[in-house]
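Now for the letters of each chain:
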Amino acid sequence: MQHRQEIDRHRSVVVELPLGDGDGDGGCATFDLEKAVCSHGLFMMAPNRWDSLSKTLERPLHLSENINDDDHEQSVLVQINQPSDSPHSLLLRVFGTASLSTIHQRSLLGQVRRMVRLSVEENKRVKQFQEICGEAKDRGLGRVFRSPTLFEDMVKCMLLCNCQWSRTLSMAEALCELQLELNCPSSAASFPDPDNQNQLKGVTFKSEHFTPRTPAGKESRKRAGAYGCSRKLLERLTEVEEIIDIGKPGVTVTPAFSVGEEVLKKSNLCRDTTEVCDVGTSAPFNLDPSEDRKLSSFNQLGNFPSPKELASLDESFLAKRCGLGYRAGRIIKLAKGIVEGSIQLKELEEACSNPSLSDYDKMAEQLREIDGFGPFTCANVLMCLGYYHVIPTDSETIRHLKQVHARTSTIQNVQRDVENIYGKYAPFQFLAYW
C-alpha cells in the first residue's frame, strides 16, 4: 500500500495576475482561460488537470524557473482560475504555504504566463492571426497551450512520437509519479531487487508497480474521468489508424490533438496585458463548492521531473519504470546535456522570443543535433516556441484532411496538401489548422 502526501488545504496564498482591459502593446487581445488551456493535447498530459465544471487548471509548479536553483526541486500545487465576476485577471491559489517571497511569486507567474502565452509579443501575434482568420476572432481563439518550462515541452514532444495517444498520456503520468517517488521515498513501496536499491536515491518499489493496472479496453474511460474531458473527445483522441513516415518506414505517430467545441463551452472574455501581481492569503476563488474536495493531482502525482532529477537515473530503470522504451536514453541524454551546460535552454528560448521565418531553419538545425529530435519532434518543439508557419504532419493530419477537407492524403503528399489548404493563413498555418 502506497502512502501519498496530502496537501494542507487550510494553508494557501492567492496571487492575482491582472490581464488588463486597455489596448496597450498587446493589441487589445481577448483572453479566455478555458480556450487558452483547452487548445492543444498537451493540456491533457500529466501533471495538468483541467476541471471543466469550475474551469480551473490545477498542477504543481516549481518555485524557481532556474534549473540550477535548489528551489527548482521544490513544487507547490497551484490552481488557476479566471473568475466570472472579474474576468480581467487570473487568480492563482498556491497551496501548502502561508506566504510567498517576491522571487517565488514572479517565478510562478512567469510559468503561468508561459503556459497560456501571456506576453506582449504573443498578444500581437494573436491580434495578427485574428485579422487574417475572422473565425478565430469571432471565437476568441489564437493561443496554443504549452508547458511551464521548455524542458517539459521537449520531453512531451518526444512522447508524442511512435505510439498511441493513450500510451503518451500513460508515459507522462508515470514520469510525474516517479518525480513524487524521487522526492518522497515514503510514497513508494519496497522493491526487493538489490540491483535497483541505489538507482533512486533510496526509493524502492514493488515489481508489479511497473505493469499498467488499467486494462486496454478501460483506459479511455479512465482518462476521460482523470482529465475532465468528454467521452466523445477521448474516443477522438485514440483514433490513430494511419501510418506516417517520420524518418523510418512504417512508424505510427501520436497526434497532439486540439480540443473541440464539446470542451470549449461559452465563457467570459477578457483582455490581456502583462502587469505585476498582487498576493494575499484570501481572495475570491470559485472552485469546487465542496470544502472537503481532495486536491487529487498533487496527492497522487508529482510535478513533471526536472533535468536534474532525471540526469542521474539509470536508463534501463527509467525505461521500465515509466514505460518509455528507447525514449529513456534520449530523455536522460537531454537532461544531462542541460545539467552539464552543453544544451542551453535559456539561450534557445531567448533566441525564439521574437520568432521569424528566417530563423526557423537555423533553430531546427540546432534542435536536430539533440539525440531523438527528428523532423516531427523539432516541428512540435518549435511550435511551442512560437513558430506557427509549419504544421507537424502525422496520421491525425491525414485523418483530419480526409474528414474536414475530403482530401485523401498519403505519407508522400500530406505536407503539400496542408500547405495548399492553410498557406493563406501564413505565417499562422498551425493556428488555423488547430
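This structure is a prediction, so every number in the text was calculated from the model and none was measured.

**With respect to the pairing of strand 4 (residues 56-62)**
With seven of seven residues buried, strand 4 lies mostly within the body of the structure. Here strand 4 shows no split at all, with T56, E58, P60 and H62 on one side and L57, R59 and L61 on the other all buried. Note: strand 3 (residues 49-51) against strand 4, three bridges, orientation antiparallel. Directly across from D51, in strand 4, lies its bridge partner T56. Summarising the sheet, strand 4 and strand 5 (residues 75-81) pair through seven bridges and their orientation is antiparallel. Following the sheet pairing, L61 is matched in strand 5 by V76.

**Side note on the pattern of salt bridges**
All told, the structure shown has 16 salt bridges when counted by the stated rule. The shortest N-O distance in the salt bridge between E396 and R399 comes to 2.6 Å. With E396 and R399 both in helix 16 (residues 395-405) and three residues apart, the pair spans about one turn of that helix. Note on accessibility: E396 and R399 belong to one class, buried. When salt bridges that share partners are traced, they join R117, E121, E122 and R125 into one network.

**Some thoughts on the packing of aromatic side chains**
Applying the stated criterion across every chain, the model contains five aromatic pairs. Between the aromatic rings of Y360 and Y387, the centroid separation amounts to 5.5 Å while the plane-to-plane angle is 70°, which identifies the pairing as edge-to-face. You can see Y360 sitting in helix 14 (residues 357-368) and its partner Y387 sitting in the loop between helix 15 (375-384) and helix 16, a full 27 residues away along the chain. Residue Y360 is classed as buried on the basis of its relative accessible area of 11%. Between the aromatic rings of Y422 and Y433, the centroid separation amounts to 5.6 Å while the plane-to-plane angle is 85°, which identifies the pairing as edge-to-face. In this pair, Y422 sits in helix 17 (residues 414-422) while Y433 sits in helix 18 (residues 429-433), placing the two residues 11 residues apart along the sequence. The class of Y422 is buried, set by a relative accessible area of 5%. Through a chain of ring-to-ring contacts, three or more aromatic side chains come together here, namely Y422, F430, Y433 and W434.

**Thoughts on the nonpolar core**
Core analysis: the biggest nonpolar cluster contains 104 residues, and L90, L318 and L334 have the highest contact counts within it. In terms of residues, this core owes the most to one element, helix 6 (residues 165-183), which gives nine residues. Those residues in contact with L318 that lie beyond four places of it in its chain are L175, L178, L310, L313, G323, L324, A328 and I332.

**Examining unusual backbone geometry**
In this model, A46 is joined to P47 through a cis peptide bond whose omega is 10°. Mapped onto the elements of the fold, P47 is located in the loop between helix 1 (33-37) and strand 3. Residues A426 and P427 are joined by a peptide bond in cis, for which omega reads 5°. Positionally, P427 belongs in the loop between helix 17 and helix 18. Backbone geometry places R117, a non-glycine residue, at a positive phi of 60°. Of note in this structure, A406 is not a glycine but carries a positive phi near 55°. Residue placement: A406 occurs in the loop between helix 16 and helix 17.

Cut-offs and rules
- Throughout, a residue's number is its position along its own chain's written sequence, starting from 1.
- Residue-level local features of this predicted model are given only where pLDDT is at least 70; pairs of side-chain atoms are given and counted only at 80 or more, and the full residue set underlies all totals for whole chains, interfaces and linings.
- Side-chain numbers here rest on the full set of heavy atoms in the structure, without hydrogens or water.
- Exposure is judged per residue with a 1.4 Å probe applied to protein chains only, and the accessible area is read against the type maximum: over 50% gives exposed, under 20% gives buried, and values in between give partly exposed.
- Helix and strand definitions here come from DSSP, where helices need a minimum of 4 consecutive H or I residues and strands a minimum of 2 consecutive E residues; each element is numbered from the N-terminal end.
- In short, DSSP must find at least two bridges between two strands for them to pair.
- We define a salt bridge as a side-chain nitrogen of Lys or Arg found within 4 Å of a carboxyl oxygen belonging to Asp or Glu.
- Ring pairs are drawn from Phe, Tyr and Trp, using the six-membered ring of Trp, whenever the two centres fall within 6.5 Å, and their geometry is named by plane angle: stacked under 30 degrees, edge-to-face over 60, tilted for the rest.
- Here the nonpolar core consists of buried residues drawn from Ala, Val, Leu, Ile, Met, Phe, Trp, Tyr and Cys, with membership extended through side-chain atoms lying within 4.5 Å.
- Two residues qualify as a contact provided that any one of their heavy atoms is within 4.5 Å of a heavy atom in the partner residue.

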